[in-house]
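# Inside the fold
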Amino acid sequence: TNDLEQMMSDVLDGIISIFNCDRAWLVYPCDPEARSWKVPMEHARPEFPSAFGVGCDLPVDPEIAKVFQTVRSSSGPVRFGPGSEHPLPGETTKHFSIQAMIVMAIYPKADQPYMLGLHQCSYPRVWTAQEDRLFQEIGRRLEDALTSLLMFRNLHESERKLEDAQRLTHVGYWERDPDTDLITWSDETYRIFGLQPQGRTLSLTQLPELIHPEDQQVMVQ
């Protein structure tokens, strides 16, 4: 898919099913120096409600900053709770009945780090070494997917801004392939010539018919 949100949603659904856990989520940015953080995506079983307000900016307090720092300093997943040297974050754990947690930082190119995490709320789970490795491999694949889709989204955002700039200034651009004689026009170039954007494919030989008769010879020369 080219839909970033759909991809993240499908991955979290898959993780909950694979690990039989109660909650899966993504945090952004995973940065102990940031002023705020948010949860762009979270899925949970019905009996365990959402732990975070999805999309809401939350302050990076000392406890959260310590979690981010711990996760960023590790080359793989970090376990919190039973069987781990890291205690569960106090306030969040109490409020949302978290009994075990495993998280890892993921680093998509051209963006800040994310944190992928799982909660077990139904019992004090001890994550196994096999689960640790599986979680890490899923995280790496998610990292690759985020890299691709974020680059795709940024490209489309740049194209949208270019289109807006052309529309506002009434300026267009075009390219010609000399091998095929086909001309590629921006949407605004079509509008300048009084045509529906992308409504027809044009070649250089067809261009004179769109020019005022008195100007055709000059254009051809």
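Residues numbered from 1 in each chain as written. Predicted model: local features only at pLDDT ≥ 70, side-chain atom pairs only at ≥ 80, totals over all residues. Heavy atoms only, no water.

## Describing the environment of proline 113
Keep this limit in mind: To qualify as a helix, a DSSP run of H or I must reach at least 4 residues; to qualify as a strand, a run of E must reach at least 2; elements of each kind are numbered from the N terminus. Only protein chains enter the accessibility calculation, which uses a 1.4 Å probe; a residue is then buried when its area is under 20% of its type maximum, exposed when over 50%, and partly exposed in between. Any two residues whose heavy atoms approach within 4.5 Å are treated as being in contact.
Along the polypeptide, proline 113 turns up in the loop between β5 (100–106) and β6 (114–120). Relative accessible area serves as the criterion here: at 12%, proline 113 is assigned to the buried category. The spatial distance from the C-alpha of proline 113 to the C-alpha of proline 29 is 5.6 Å, given a sequence separation of 84 residues. Residue contacts for proline 113: discarding those within four places in its chain leaves Tyr28, Pro29, Cys30, Arg72, Ile106 and Tyr107.

## Digging into the sheet that holds β5
Sheet strands pair via backbone hydrogen bonds, and the direction of the pair is either parallel or antiparallel. Operational definition: Two strands are said to pair when DSSP picks up at least two bridges between them. Angles run from 0 to 180 degrees between N-to-C directions of axes, and those axes are lines fitted to C-alpha atoms, restricted for helices to the stretch in contact.
Read from one edge to the other, the open sheet built from 6 strands follows the order β3-β2-β1-β6-β5-β4, with strand pairing classed as antiparallel. Every other strand in the sheet has two partners, leaving β3 (58–59) and β4 (78–80) as the edge strands with one partner each. Looking at chain direction, strand β1 (residues 23–28) and strand β2 (residues 36–44) are connected through 5 bridges and run antiparallel. Bridge assignment links tryptophan 25 to a residue of β2, and that residue is glutamate 42. Sheet contacts for helix α1 (residues 4–19): β1, β2 and β6; angle to β2, the most-contacted strand, approximately 60°.

## Focus on the pattern of salt bridges
Selection criterion: Salt bridge criterion: a side-chain nitrogen from Lys or Arg within 4 Å of a carboxyl oxygen from Asp or Glu.
Under the criterion given, the structure shown has 10 salt bridges. We note a salt bridge from arginine 191 to glutamate 163, for which the minimum N-O separation is 3.0 Å. Of this pair, arginine 191 sits in helix α5 (residues 187–192) while glutamate 163 sits in helix α4 (residues 129–169), and the two are 28 residues apart along the sequence. A relative accessible area of 34% means that arginine 191 is categorised as partly exposed. Given a relative accessible area of 19%, glutamate 163 falls into the buried group. Here the salt bridges share partners, and the residues they tie into one network are Glu137, Arg140 and Arg141.

## Considerations on the pairing of strand β8 (residues 182–185)
Burial of β8 is one-sided: the residues Ile183 and Trp185 facing one way are buried, the residues Leu182 and Thr184 facing the other way are not. In this sheet, β8 lies alongside strand β7 (residues 174–177) in antiparallel orientation, the contact comprising 4 bridges. Among the inter-strand pairings, tryptophan 174 is bridged to a residue of β8, identified as tryptophan 185. Here β7 hands over to β8 after 4 residues, with aspartate 181 in that stretch at a positive phi of 65°. Where β8 lies against strand β9 (residues 202–203), 2 bridges are found, and the strand directions are antiparallel. Across the sheet, leucine 182 pairs through a bridge with serine 203, a residue of β9.

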